[in-house]
Amino acid sequence: MKKENTENQEIKDQAETSEAQSENSDNAAATDNVSEQSGEADNMSEQKSSEEQIDWRDQYIRLQAEFDNFRKRTLREKMELVQSGGSNVLKSILPILDDMQRATAASEKSEDIAALREGERLVVQKFIDTLRQLRVVEIEALDAPFDENLHEAVARFAAGEDKKGKVIDVVERGYMLGDKVLRFAKVVVGE
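Here the residue index of a chain counts from 1 through its sequence in written order. Selection of residues for local features in this predicted model requires a pLDDT of at least 70, selection of side-chain atom pairs for listing and counting requires 80 or more, and totals for whole chains, interfaces and linings are taken over all residues. Hydrogens and waters are ignored; side-chain quantities use all the structure's heavy atoms.

Time to look at the sheet that holds strand 4 (residues 175–177). Here, a strand pair is defined by DSSP locating no fewer than two bridges between the strands. By the criteria applied, helices consist of DSSP H or I runs no shorter than four residues and strands consist of E runs no shorter than two, each listed in order from the N terminus. Spatially, 1-4-5 is the arrangement adopted by the three strands of the open sheet, whose pairing is antiparallel. Of all the strands in the sheet, just strand 1 (136–138) and strand 5 (180–183) have a single pairing partner and so form its edges. With strand direction ignored, the average angle separating the axes of adjacent strands in the sheet is 35°. Relative to strand 5, strand 4 runs antiparallel, the two sharing three bridges. Bridging from a neighbouring strand, tyrosine 175 pairs with arginine 183 of strand 5. Note on method: axes are straight lines fitted to C-alpha atoms, helices fitted across the in-contact stretch only, with angles between N-to-C directions ranging 0 to 180 degrees.

Take the buried residues of types Ala, Val, Leu, Ile, Met, Phe, Trp, Tyr and Cys, join any two whose side-chain atoms come within 4.5 Å, and each joined set is a nonpolar core. Throughout this description, buried means an accessible area under 20% of the type-specific maximum (1.4 Å probe, protein chains only), exposed means over 50%, and partly exposed covers the range between. Ala141, Val167, Ala185, Val187 and Val189 together form the largest nonpolar core, which totals five residues. For this core, the leading source of residues is strand 6 (residues 185–190), giving three residues. In what follows, a contact means two residues having at least one pair of non-hydrogen atoms within 4.5 Å. The contact partners of valine 167, leaving out residues within four places of it in the chain, are Ala141, Leu142, Asp143, Ala144, Phe146, His151, Val187 and Val188.

So, about the pattern of salt bridges. The rule for a salt bridge is simple: a side-chain nitrogen of Lys or Arg has to be within 4 Å of a carboxyl oxygen of Asp or Glu. Within this structure, the stated rule accounts for ten salt bridges. Note that lysine 126 is salt-bridged to aspartate 99, the shortest N-O span being 2.8 Å. Of the two residues, lysine 126 is situated in helix 2 (residues 113–133) and aspartate 99 in helix 1 (residues 2–109); the sequence distance between them amounts to 27 residues. Note that arginine 121 and glutamate 118 form a salt bridge whose closest N and O atoms lie 2.6 Å from each other. With arginine 121 and glutamate 118 both in helix 2, this residue pair falls three residues apart, about one helical turn.

What follows deals with the confidence of the model for the protein chain. For the protein chain, per-residue confidence averages 82 on the pLDDT scale, and residues scoring 70 or more make up 78% of the total. Within the protein chain, the lowest mean pLDDT, 76, falls on helix 1, and the highest, 94, falls on strand 6. A residue's pLDDT is simply how confident the predictor is in it, with values from 0 to 100.

So, about the packing of aromatic side chains. Each pair of aromatic rings taken from Phe, Tyr and Trp, with Trp reduced to its six-membered ring, is defined by centres within 6.5 Å and is described as stacked if the planes are under 30 degrees apart, edge-to-face if over 60, and tilted in the remaining cases. Tallied over the entire structure, the rule returns one aromatic pair. Relative to phenylalanine 70, the ring of phenylalanine 67 has its centre 6.4 Å away and its plane inclined at 35°; by these criteria the two rings are tilted. Here the residue phenylalanine 67 and the residue phenylalanine 70 both occupy positions in helix 1, the gap between them amounting to three residues, near one helical turn. The partly exposed category is assigned to phenylalanine 70, whose relative accessible area is 42%.

With five of six residues buried, strand 6 lies mostly within the body of the structure. Of the strand pairs in this sheet, strand 2 (residues 151–157) and strand 6 are connected by six bridges, and their pairing is parallel. The residue bridging alanine 155 from the neighbouring strand is valine 188, located in strand 6. Here four bridges tie strand 3 (residues 167–172) to strand 6, and the two strands are oriented antiparallel to one another.

See below:
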């Protein structure tokens, strides 16, 4: 009976071993399936990633080209604006040149000094009005306190206590365009 028990035990052990082997092989097969599926997923993920990189690179290149085109167009428009802005100023000054030429021609033919002076005054006034329309105004300097933001001192003279630090003479007039100084007034300052 002992022999039978031993044989039964051996058969049981063999059955358990074969079941364990069968389970191991099933697990191995399942693991192989999972690893195959995971490998396929990795490949698909790599392909997606590669496609995304290509899409991003393409978008980057297009965006860079658009920016270059924008920069060139803006530069071209700015140059055209500067050129056309200058032409508008010149067009507004041309009628004054015409008046000056007529005044010069009239001065050669006329002996009436008073009429010539009146003509000159009218041309100068027209020129000042045109400059005002272009927002150019003269800097008031005579008898004003010296301001280094508006005036350029070319000389200093003793002029008494009441004129100390004030402009006593204007050598060259200064002009402003809006709030910006076009040309500083060259002045003599009292000490």
